[in-house]
Amino acid sequence: MFNDIGPLELVTLIVLAVLVFGPDKLPKFIQDVTRTLRKIREFSDNAKHDIRSELGPEFKDFEFEDLNPKAFLRKQLDNDELGLKDIRSTFDLKREMAELTDSVNGHDTTSALPGPTSAPAVSGGRVDMTKKPEDPKDERPPFDADAT
């Protein structure tokens, strides 16, 4: 709850509390605050227990932390029913990006990268985007005397 409060900030809060409430009333104020926090925590635990009992046995593993979208997604993606761990382990992002970069730049991807690479034509849903070298002898366009 207070993980980001440093020691200087804590000392400042204590000095401020002593100045605002005075040294005589400060212990009673701290007791009142802790009692209120305990009651709020107890009320929250009772509400959670009541909700779980009302939902029934189908939701016995329901956790309120799962209502946080990040926690829910993390729990669902770590579940191995979908086979996402296999997909994640076979997908090599660095190799795919290197292949894409080489394709865009017109380099030969088969000699540059180790491991399995795609065929030069369309195979397995992949299209070879490498630039095909043109014939160097046909650099000038043909001359047509009738067109001029």
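Residues numbered from 1 in each chain as written. Predicted model: local features only at pLDDT ≥ 70, side-chain atom pairs only at ≥ 80, totals over all residues. Heavy atoms only, no water.

## Some thoughts on the overall build of the protein
As a reminder, the rule being used: A run of DSSP states H or I qualifies as a helix once it reaches four residues; a run of E qualifies as a strand once it reaches two. Both are numbered from the N-terminal end. Categorising residues by exposure relies on relative accessible area from a 1.4 Å probe, with only protein chains included: less than 20% of the type maximum marks a residue as buried, more than 50% marks it as exposed, and the intermediate range marks it as partly exposed. By the convention used here, residues are in contact when the closest approach between their heavy atoms is within 4.5 Å. Surface exposure here means Shrake-Rupley accessible area, sampled with a 1.4 Å probe, where a residue is shielded only by the protein chains that are shown.
When helices and strands are tallied, the protein shows five helices and zero strands. When the helices and strands of the protein are placed in sequence order, the string is α-α-α-α-α. The 148 residues of the protein split such that 9% are buried. Within the protein, counting contacts between residues at least 6 apart in sequence, those at least 24 apart form 12% of the total. Summed over all atoms, the accessible surface of the protein reaches about 13500 Å², with 61% contributed by carbon and sulfur.

## Topic: the packing of aromatic side chains
Selection rule: Put simply, two rings from Phe, Tyr or Trp (the six-membered ring, in Trp's case) pair if the centres are within 6.5 Å, and we call them stacked under 30 degrees between planes, edge-to-face over 60, tilted for the rest.
This model, assessed by the stated rule, comprises one aromatic pair. Relative to F29, the ring of F21 has its centre 4.0 Å away and its plane inclined at 20°; by these criteria the two rings are stacked.

## Digging into the pattern of salt bridges
So the rule is basically this: For this document, the term salt bridge refers to a Lys or Arg side-chain nitrogen within 4 Å of an Asp or Glu carboxyl oxygen.
Inspection of the entire model under this criterion finds four salt bridges. In this structure, the salt-bridge partner of R95 is E96, at a minimum N-O distance of 3.7 Å. On the basis of relative accessible area, R95 is assigned to the buried category, the value being 18%. One salt bridge connects R95 with E99, and the closest N-O pair in it is separated by 3.0 Å. Of this pair, R95 and E99 both sit in helix α4 (residues 93-105), four residues apart, which is roughly one turn of that helix. For the pair shown, R95 and E99 are each scored as buried.

## Re a nonpolar patch on the surface
Worth spelling out the cut-off: Like-charged residues are merged into a patch within 9 Å and nonpolar side chains (Val, Leu, Ile, Met, Phe, Trp, Tyr) within 5 Å, provided each residue has over 30% relative accessible area and no salt bridge.
Together, L13, L16, V20, F21, F29, I30, V33, L37 and I40 give the surface a local cluster of nonpolar side chains, amounting to about 790 Å² of exposed area. Structurally, V20 can be placed in helix α1 (residues 7-55).

## Remarks on the confidence of the model for the protein
This is how it is decided: pLDDT expresses, on a scale from 0 to 100, how confident the predictor is about each individual residue.
Looking at the protein as a whole, its pLDDT mean stands at 76, while 71% of the residues score no less than 70. Per-element confidence in the protein is highest for α1, whose mean pLDDT is 90, and lowest for helix α5 (residues 109-112), whose mean pLDDT is 50. Overall, residues 116-123 carries pLDDT values under 50, and its contacts beyond four positions in sequence, including any with other chains, amount to 14 contacts.

## Remarks on α1
What counts, and what does not: For a helix, the expected span equals 1.5 Å multiplied by the number of residues minus one. Bend, in this description, refers to the angle at a residue between axes fitted to the seven residues ending there and the seven starting there.
A rise of 1.5 Å per residue sets the reference length of α1, with its 49 residues, at 72 Å; its end C-alpha atoms lie only 44 Å apart and thus fall more than 12% short of the reference. At G22, α1 is deflected by roughly 100°, the largest bend along its length, and proline P23 occurs up to four residues later in sequence. In the segment just after α1, G56 is the residue with positive phi, at about 100°.

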